[in-house]
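Report on the structure
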Amino acid sequence: METVRLARQGEIAIATIDNPPVNALGQALRADLARVLSEASTDPAVTAIVIAAAGKAFIAGADISEFGKPPLAPLLPDVLDAIEGSEKPVVAAIQGVALGGGLEVALACHARVAAASAMLGLPEIKLGLIPGAGGTQRLPRLIGAAKAFPMMLSGEPVSAGKALELGLVDEVAGGDVVAAAVTLAQALVAKGAPEPARERDDRLTAKDREAFEVLAAEASLKSGDMPNAMALIEAVRAAFTLSFAEGLAAERALFTALLADPRSKALRYVFFAEREIARVPGIDSAVKPREIARAAVIGAGTMGGGIAMCFANAGIAVTLIEQEQAQIDNGMNRVAAIYEMSVTRGSLTPAKRDERVALITPAVGLGAAAEADIVIEAAFEEMGVKQQIFGALDAIVKPGAILASNTSYLDVPTIAAATTRPQDVLGMHFFSPANVMKLLEIVRPAGVADDAVVTAMALGRRLGKVPVVVGNGFGFVGNRMLEARTRATERLLVAGALPHEVDAALTGFGFKMGPCAMADLAGNDIGWRSRKARGKTAAVADAICEAGWFGQKTGRGYFLYPDGARTGQRDPEVEALIARVSQEKGVTRRSFTADEILSRLLDPMVNEGARILEEGIAARPGDIDVIWLNGYNWPAWRGGPMHWADTIGLGVIVARLEAQAAETGDTALEPAPLLRRLAAEGKGFADLKARPV
Ligand code: TC6
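Residues numbered from 1 in each chain as written. Predicted model: local features only at pLDDT ≥ 70, side-chain atom pairs only at ≥ 80, totals over all residues. Heavy atoms only, no water.

1. A short note on the overall build of the protein chain
When you go through the protein chain residue by residue, the secondary structure sums to 28 helices and 18 strands. Relative to the 2.2 N^0.38 estimate, which gives 26 Å for 693 residues, the radius of gyration of the protein chain is 28 Å and therefore close to what a compact globule would have. For the C-alpha atoms alone, the extent of the protein chain along its principal axes is close to 85 × 60 × 55 Å. A buried classification covers 53% of the 693 residues belonging to the protein chain. For the protein chain, the exposed surface amounts to about 28,500 Å²; the carbon and sulfur share of it is 56%. In the protein chain, which carries 71 positive and 81 negative side-chain charges, the distance between the mean positions of the two groups comes to 1 Å. (Helix = DSSP H or I, 4+ residues; strand = E, 2+ residues; numbered from the N terminus. Rg over C-alpha atoms; globule rule 2.2 N^0.38 Å. Buried < 20%, exposed > 50% of the residue type's maximum accessible area, 1.4 Å probe, protein only. Areas by Shrake-Rupley, 256 points an atom, 1.4 Å probe, with all protein chains shown as cover. Lys, Arg positive; Asp, Glu negative; His and termini not counted. Charge placed at Lys NZ, Arg CZ, Asp CG, Glu CD.)

2. Comments concerning the side chain of R268
Secondary-structure assignment places R268 in helix α11 (residues 262-276). Buried within the structure, R268 lacks any salt-bridge partner; its nearest side chain of opposite charge belongs to D261, at an N-O separation of 8.1 Å. When neighbours within four sequence positions are excluded, R268 is seen to be in contact with I64, F67, G68, L127, L129 and L259. (Salt bridge = Lys/Arg side-chain N within 4 Å of Asp/Glu carboxyl O. Contact = heavy atoms within 4.5 Å.)

3. Examining the nonpolar core
One finds V477, L602, I624, W628, W634, L675 and F685 to be the most contacted residues of the largest nonpolar core, which totals 73 residues. At nine residues, the largest contribution of residues to this core is made by helix α24 (residues 594-614). Residues from two domains meet in this core; each of domain 2 (294-476) and domain 3 (498-590) gives at least three. If we skip the residues at most four places from it in the chain, F685 touches V606, A610, L613, P621, M642, A645, D646, L650, L674, L675 and L678. (Core = buried A, V, L, I, M, F, W, Y, C linked by side-chain atoms within 4.5 Å. Domains from an automatic or database assignment.)

4. Topic: the sheet that holds strand β2 (residues 12-17)
Overall, mixed pairing links the six strands, which are arranged β1-β2-β3-β5-β7-β10 in an open sheet. Strand pairing shows two members of the sheet lacking a second neighbour, β1 (4-9) and β10 (171-173), which therefore form its edges. Across this sheet, the average inter-strand angle for adjacent strands is 25°, counted without regard to direction. Here strand β5 (residues 90-94) pairs with strand β7 (residues 111-115) via four bridges, running parallel. (Pairing = 2+ DSSP bridges. Axes fitted to C-alpha atoms, helices over the stretch in contact; angles between N-to-C directions.)

5. Brief notes about the packing of aromatic side chains
One pass over the full model with this rule turns up 14 aromatic pairs. Measuring from ring centre to ring centre gives 6.4 Å for W634 and W644, while their planes differ by 65°; the resulting arrangement is edge-to-face. Residue W634 is found in the loop between α25 (621-631) and α26 (641-648), and its partner W644 is found in helix α26; the two are separated by 10 residues along the sequence. You can call W644 buried: its relative accessible area is 7%. These aromatic residues form a ring-pair network of at least three members: F431, F509, F511, W628, Y632, W634 and W644. Note that R485 overlies the ring of F511, its terminal NZ or CZ placed 5.4 Å from the centroid. (Phe/Tyr/Trp six-rings, centres within 6.5 Å; stacked < 30°, edge-to-face > 60°. Lys NZ or Arg CZ within 6 Å of the ring centre and 35° of its normal.)

6. Considering unusual backbone geometry
Residue P21 is reached from P20 by a cis peptide bond, and omega for that bond is 5°. By the element assignment, P21 lies in the loop between β2 and α1 (27-42). Its identity as a non-glycine residue notwithstanding, F476 has a phi of 50°, on the positive side. With respect to the helices, strands and loops of the structure, F476 is situated in the loop between β18 (466-471) and α18 (478-495). A residue is classified by how much of its surface remains accessible, and F476, at 0% relative accessible area, is buried. With a phi close to 50°, D563 is a non-glycine residue in the positive phi region. Here D563 shows up in the loop between α22 (539-546) and α23 (572-584).

7. A short note on the sheet that holds strand β6 (residues 97-99)
Read from one edge to the other, the open sheet built from four strands follows the order β4-β6-β8-β9, with strand pairing classed as mixed. What marks the edges here is a single partner per strand, and that holds for β4 (57-59) and β9 (158-159). Bridge count between β6 and strand β8 (residues 119-121): three bridges; the pairing is parallel. Bridge pairing links V97 to M119 in β8. Packing against the sheet, helix α3 (residues 101-108) makes contact with β4, β6 and β8, and its axis sits at approximately 90° to β6.

8. Observations concerning the packing of helix α4 (residues 135-143) against helix α5 (residues 145-154)
A pair of packed helices can be characterised by two numbers: the angle between their axes and the separation between those axes. The geometry of α4 relative to α5 is characterised by a closest axis approach of 7 Å and an angle of 135° between their N-to-C directions. Relative to α5, the element α4 is oriented oblique. You can see that α4 and α5 cross each other, and the crossing is right-handed. Here G135, T136, L139, P140 and I143 of α4 lie close against α5, whose contacting residues are A145, K147, A148, M151 and M152. (Parallel < 35°, antiparallel > 145°, perpendicular 65-115°, else oblique. Left-handed = near helix turned anticlockwise from the far one by under 90°.)

9. Some thoughts on the site of the ligand
Around the ligand there are 25 residues in total, and K56, A60, A62, G101 and R275 lie nearest to it. Between the ligand and K56 there is a distance of 2.8 Å, counted from an oxygen atom to a side-chain nitrogen or oxygen. At a separation of 2.8 Å, an oxygen atom of the ligand approaches a polar backbone atom of A62. In the complex, 73% of the free accessible area of the ligand, which totals 1,000 Å², lies under the protein chains. At the level of secondary structure, the elements contributing two or more residues to the shell around the ligand comprise β6, α3, α10 (244-259) and α11. Among the elements that make up the shell around the ligand, the one with the highest residue count is α11 (three residues). Among the residues making up the shell around the ligand, the classes are represented as 14 nonpolar, four polar and seven charged. (Near = heavy atom within 4 Å. Polar contact = N/O pair within 3.5 Å; in protein donor to acceptor, adjacent residues only side chain to side chain. Nonpolar A, V, L, I, M, F, W, Y, C, P; charged D, E, K, R; others polar.)

Here it is, written out as C-alpha cells:
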C-alpha cells in the first residue's frame, strides 16, 4: 500500500502522507516520499510542491520500532537532502503533531505553514537521543541556537503560535492548512523560493553563540546520568564551528552512538511498554467504557482528598463523603490548602482553583453517593470497614455504577462479596500523593465485568494517570515487589550494611531516594502496624519503631532530621541499635560494596516479579516495569526491574539469588521456577507472551 498520495492543484503538486496511526517515517514511507518528490520535481507541469498529511499527525517522527535494527535505505537525511535541494519550492502543511523526524521533514522544506492547533517539537532527548536528521543544524539556522537549544533540550513541543513567534513557521493558517500552503507555494514560485535552512547563517551570530554557551554550561551541570544532553551541546555547537555538511555528519555520528547506548534502548522500551498497557489481554478491544459524569469518594483523609482532587482537576464533579461533619471539614480544608499552595507557587490561577474546589461537593453519609457513576472507597485499610461500606453502598448506588476500592493490600473479591454486584466491583489503587502520582493499579478480580475494567482504564487516562490492569493478590504488583525490597533492606542492615550505605547504592543507581529515607518519609509506623497485623517481624525496623523513631514526622527514624530537616543525617544511636540486633542474632557484621548492596536489593524484586508473572498477577513484564517507573521512581533510563534483569542476564540473577539463598537460608530467595526456566533456555523476560490477569 502506498503511504504517500500525489495529487495536483493547478501547478502545485500535493504529496499527502497517509501512514496510520501517526505517519511514522518507516522505510516504506521514506521510500514513497522520495519517489513522489522525484516525480513531482521532474514533472514540467509542476512548479511547487506541498507536503501534507492525513490523520491526527503531520508526522510523529522516525518509526521508533526500526531503531536498533540495520538501517534501511533511503535514510531520512538523504530524503531531506533531496527535499531541501529541490529546485521547485517545497512547502510543509503541518497539522496535528510534527515531532522529531517529522519536524525535521518540515525544516528541510523551503517554507512551513501550520494549522492553529499544530504542535511542533524535537522530543528525541526523551528517548535518550538527539535529532538525527539535521534538526540540530537546521533549527539553529532558522531560529538561532539560543532558542533552538532549549527546545531540543526539553523535548517539549511548542504551539503553532509560539512557532510563528520563534520564526519556526512562516504562517499559521486561519482555515484549511493545505489551502494556505498552496497559496504560499504559489507566492514562492512568483517571487523565488526563500533560502533553504542549510544556506542560512544570519541567525548564527556571535551574540547567539554567547547566549547558547551560557545555556549549554547550565545544561552540562544538570546532565546527570544521561549522555545525550552533552551530545546535543556538541551537535548544536557544530552549527557554529563546522560547515553544514560537516555539522550533519557530526550530528549523525553522535545520534548513531546514542542509538546503541543501553540508556536509550531502555527509554525506547519504556515508550512501547507504556503504550502496550492500553491493550488488556483477555478483554476485547471493542468493549466500550461506561459513561462517567459524576463520582463519589468515600473517606476524606489524605488519600481520599487527593483522589477527589484528581477528579476536580480533570473537570469531573465529585462528592467527597465522610461520616461526620468535622471530618469532612478537615478533609476539605486539607484540599483547599493544597490548592492554595499551587496558587502561591504560581502553578494554578485563583480562578482555576475556585473552579476546581467548586467541583468537589462535601457530604456526610453514604447516601450522597446515590447519583455517582463511580464510587471510590478510600476508607481505613481494614476488611471489616471496607465490607461494611460496600454492603451499604450496594443498597444506595444506582445500577451499573462502578464500585472501586483504593485498598493497597486487601483481597478485592472479599470486598466485592459484601455486595450483590461483584460484576461492578474492582480495585483502583492510587499512589500517594494521589493528586500527583501517575500510577494507578486497576485490580481485576475474577467476576468483574470487562466493561467495568475498561471504564476504570478510560477514567484513569482522563484523570491523567498511567493505569495498569493487575490481578488480585496481596499487595498486587507494586507493593508486593516493594516488600521484597524492604525485606532485602532489613537483611542487609542485619548482615553489616548501614542505612546510608543502602540508600547510597540505590541513589547511585538512579533512584531519587533510598529505602531507608523512603521509609522515614512515609512513616515507619505504617509498615510496623502492617507487620504486626500479619504476625511478621523485622528486627531492625521493629526496634526503630519501638524507640518511637517513626521517621521525618518524629524528627528521627533510620536517620536524624534535626529542626524539621528534609534530608536525613546518620544517627549513631540507630547504627548502634543495628549492631546490637546483629549481635543478638549471632551475625558477624561485614562490609558490602555498593554493587553487592544493589544486587541484594534488586534481585529479590526481580524474583518476586517472576512469581507475579507466573501467578498471572501481571500480564506482561512491561506492565511491571511501567508500574515501577510511574509509582516507585525507578529511573526511566534503566527501563524498569524486569528490563534491567534482562540487561544483566537472567542466568546471572539466578546464580546470585542461589548464592544469597544458600548464605541466608531464606527460601524466599530461591529463584522462581519461571526465572530458572527462562535462564536455562537462555531467554529473557522480553521473550514472554502477554497473558490475561
Ligand atoms: C526521531 O524522530 C528521530 C529521527 C532521526 C532519524 C534519523 N514510531 O502515543 P499513542 C505508535 S525519534 C513508532 O498511543 P497519542 C504508538 O506505539 C521519534 N510508533 O497516541 C501507538 O501504537 P499502538 C521522535 C509510534 O495520540 C500509536 O502510534 N518522535 C511512534 O496518545 C499511537 O500512539 C517521538 O518521540 C513512532 N514515532 O499520541 C514521538 N509514535 O496503537 C512519539 C507513535 O500500536 N510519539 N507510535 O500502541 C508520541 O509522542 C505520541 O505517540 C503522539 C500520539 C503524540 C504522536
